Amino acid sequence: LRKVDAAAARLGLTQDILIEINIGAEASKSGVAPEGLWSLAEAAEAAANLRLRGLMAIPPAGATPDETRAFFAEMRGLLTRLQEKHYQTALPDTLSMGMSGDFEAAILEGATIVRIGTAIYGPRDYGSRP
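Keep in mind the model is a prediction, meaning the values are calculated, not measured.

Considerations on the pattern of salt bridges
Oppositely charged side chains are able to pair whenever their charged atoms sit close together. Here the structure, examined in full by the defined rule, presents six salt bridges. Among the ionic pairs, aspartate 93 bridges to arginine 53, the shortest N-O distance being 2.7 Å. With aspartate 93 in the loop between helix H3 (65–84) and strand S3 (94–99) and arginine 53 in strand S2 (residues 50–57), this pair connects stretches of sequence that are 40 residues apart. With a closest N to O distance of 2.5 Å, arginine 69 and glutamate 109 form a salt bridge. You can see arginine 69 sitting in helix H3 and its partner glutamate 109 sitting in the loop between helix H4 (103–108) and strand S4 (113–115), a full 40 residues away along the chain. For arginine 69, a relative accessible area of 35% corresponds to the partly exposed category. Under the relative-accessibility criterion, glutamate 109 is labelled buried at 7%.

Right under this line is the structure:
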């Protein structure tokens, strides 16, 4: 947050940000644990050049459809709680979750941004990198 805030200050702008939640508690993924959201949101609120717009997450790849939907519902609940805090500068209206294999469930649980590159472009070919 400090680095993004400083870069935004140098550019003379307010940077919209999302906080990444490690909703499945996976060691291989970045993001804050759900219970760590609140201190990070407070830090974002205190930053002069940041505006917290919402949350983002990717549930575990091996989760069943029901488990994935439950993770999405938990994210929706976190966004609702964030909205209820009534921060001065935050505008928490964004929930980025869902990819090509689970975007329908994400939308049903309130996603405002989904990432569906594979559904549009097909799977990535990692073998042809130079």
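Some remarks on the packing of helix H2 (residues 37–46) against H3
It is at 12 Å that the axes of H2 and H3 come closest, and there the two elements cross at 45 degrees. Classified by the interaxial angle, the pair formed by H2 and H3 is oblique. In terms of crossing hand, the pair formed by H2 and H3 is right-handed. Side by side, H2 and H3 meet where Leu37, Trp38 and Ala41 of the first sit next to Leu78, Arg81 and Leu82 of the second. Residue composition of the contact of H2 with H3, by class: five nonpolar, no polar and one charged.

Conventions we followed
Residues numbered from 1 in each chain as written. Predicted model: local features only at pLDDT ≥ 70, side-chain atom pairs only at ≥ 80, totals over all residues. Heavy atoms only, no water. Salt bridge = Lys/Arg side-chain N within 4 Å of Asp/Glu carboxyl O. Helix = DSSP H or I, 4+ residues; strand = E, 2+ residues; numbered from the N terminus. Buried < 20%, exposed > 50% of the residue type's maximum accessible area, 1.4 Å probe, protein only. Axes fitted to C-alpha atoms, helices over the stretch in contact; angles between N-to-C directions. Parallel < 35°, antiparallel > 145°, perpendicular 65-115°, else oblique. Left-handed = near helix turned anticlockwise from the far one by under 90°. Contact = heavy atoms within 4.5 Å. Nonpolar A, V, L, I, M, F, W, Y, C, P; charged D, E, K, R; others polar.

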